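Here are the chains, one letter per residue:
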Amino acid sequence: MISSVRGEVLSVGLDHVVVEVGGVGFAVQATPATLATLRRGEETRLHTALVVREDSLTLFGFADADARELFGLLQTVSGIGPRLALATLAVLDPDKLRAALVEGNITVLTSVPGIGRKGAERLTLELRDKVTALGSGDAPAVTAPGALRSEVVEALAGLGFPAKQAEQAVDKVLADGDGHTTASVLRAALATLGRKR
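Treat the numbers as computed from the prediction; the structure is a model and nothing was measured.

Scoring rules and cut-offs
Residues numbered from 1 in each chain as written. Predicted model: local features only at pLDDT ≥ 70, side-chain atom pairs only at ≥ 80, totals over all residues. Heavy atoms only, no water. Helix = DSSP H or I, 4+ residues; strand = E, 2+ residues; numbered from the N terminus. Contact = heavy atoms within 4.5 Å. 1 Å grid on protein atoms, 1.4 Å probe; cavity = no way out; pocket = protein on both sides within 12 Å on 5 of 7 lines; lining within 4 Å. Points joined across faces, edges and corners; volume = space filled by probe spheres on them. Nonpolar A, V, L, I, M, F, W, Y, C, P; charged D, E, K, R; others polar. Salt bridge = Lys/Arg side-chain N within 4 Å of Asp/Glu carboxyl O. Buried < 20%, exposed > 50% of the residue type's maximum accessible area, 1.4 Å probe, protein only. Pairing = 2+ DSSP bridges. Axes fitted to C-alpha atoms, helices over the stretch in contact; angles between N-to-C directions. Phe/Tyr/Trp six-rings, centres within 6.5 Å; stacked < 30°, edge-to-face > 60°.

Draft legend 1. Structural detail: the side chain of His47. When you line up the elements, His47 lands in strand β4 (residues 43-53). Leaving out residues up to four positions away in the same chain, His47 has contacts with Ser3, Ser4, Phe60, Gly61, Phe62, Ala63, Asp64, Ala65 and Arg68.

Draft legend 2. Local environment of the layout of surface pockets. Looking at the largest pocket, its volume works out to about 210 Å³. Lining the largest pocket are 14 residues, with Thr34, Asp64, Ala67, Asp93 and Pro94 sitting closest to its centre. Listed by contribution, the elements that provide at least two residues to the lining of the largest pocket are α1 (32-35), α2 (65-74), α3 (82-91) and α4 (94-103). Along the lines of polarity and charge, the residues of the lining of the largest pocket split into eight nonpolar, two polar and four charged.

Draft legend 3. Representation of the pattern of salt bridges. Within the structure shown, the criterion is met by five salt bridges. Among the salt bridges present, the one from Arg98 reaches Asp95, with a minimum N-O distance of 3.7 Å. Of the two residues, Arg98 and Asp95 both sit in helix α4, three residues apart, roughly one turn of that helix. Since its relative accessible area comes to 0%, Arg98 is described here as buried. Through salt bridges that share partners, Asp66, Asp95 and Arg98 make up one connected network.

Draft legend 4. Structural context of the sheet that holds strand β5 (residues 56-62). The five strands lie next to each other as β1-β2-β3-β5-β4, forming a closed barrel whose pairing is mixed. Direction aside, neighbouring strands of the sheet carry axes that sit 55° apart on average. When strand β3 (residues 24-29) meets β5, the two strands line up parallel, connected through two bridges. Each residue of the ladder has a partner; that of Gln29, found in β5, is Phe60. Across the face of the sheet, α2 comes into contact with β4 and β5 while running at roughly 10° to β4.

Draft legend 5. Examining the packing of aromatic side chains more closely. Evaluation of the coordinates by the stated rule reveals two aromatic pairs. When the ring of Phe60 is compared with that of Phe71, the centres are 5.1 Å apart and the planes differ by 40°; the resulting orientation is tilted. With Phe60 in strand β5 and Phe71 in helix α2, this pair connects stretches of sequence that are eleven residues apart. As far as burial versus exposure is concerned, Phe60 and Phe71 are alike and both buried. Taking 4.9 Å as the distance between ring centres and 50° as the angle between the ring planes, the aromatic pair formed by Phe62 and Phe71 counts as tilted. Take Phe62 and Phe71: they sit in the same class, and that class is buried. Grouping aromatic residues by their ring pairs yields a cluster made of Phe60, Phe62 and Phe71.

Interpretation in functional terms is not warranted from these geometric data alone.
This is the structure in structure tokens:
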């Protein structure tokens with residue numbers, strides 16, 4: 001298994017980059033967001049996954065280990081191959097994807113070309129528990145909305161805010177959007193409570 005490559009960027013294509021490692025140029029498939037960060041002639045390091053097929057060996061590259069883990073996890077679901085897994089990460093960044101899976105947000109998941117309603121439902125059913133466990137050290141793990149609410153309310157109460165006020169502030173922040181992490185909700189709730197003082 002080739003888990004990472006480091007070397008000079010020889011060329012950047014629409015869907016891949018060629019990285020020279022020890023005199024050998026490796027073609028690495030990557031998302032547009034990852035490719036946009038690479039410059040010809042500069043040194044780079046990509047986290048990679050090697051996919052072996054009867055007729056091909058394909059390297060897929062990612063800016064961080066978190067995206068690579070999600071890439072592998074997506075492929076454990078029936079009907080999701082490496083190309084569709086990469087397309088999913090091209091449309092949704094790891095945090096947004098994890099949030100959509102945890103919350104069962106079918107609308108967000110079906111925004112990926114190639115994933116229909118049934119596929120999105122299968123993804124959330126099979127991966128919901130796995131992505132919460134996967135939340136790595138570098139990326140904030142997304143918590144289920146109910147648990148997140150009580151965590152933040154408890155933290156605010158610990159800081160001396162009245163429980164009722166804390167609940168109202170957290171509910172207001174959660175109503176404003178999705179894909180929240182405990183830290184982001186706490187920051188926004190503190191800002192709301194700060195304005196009331």
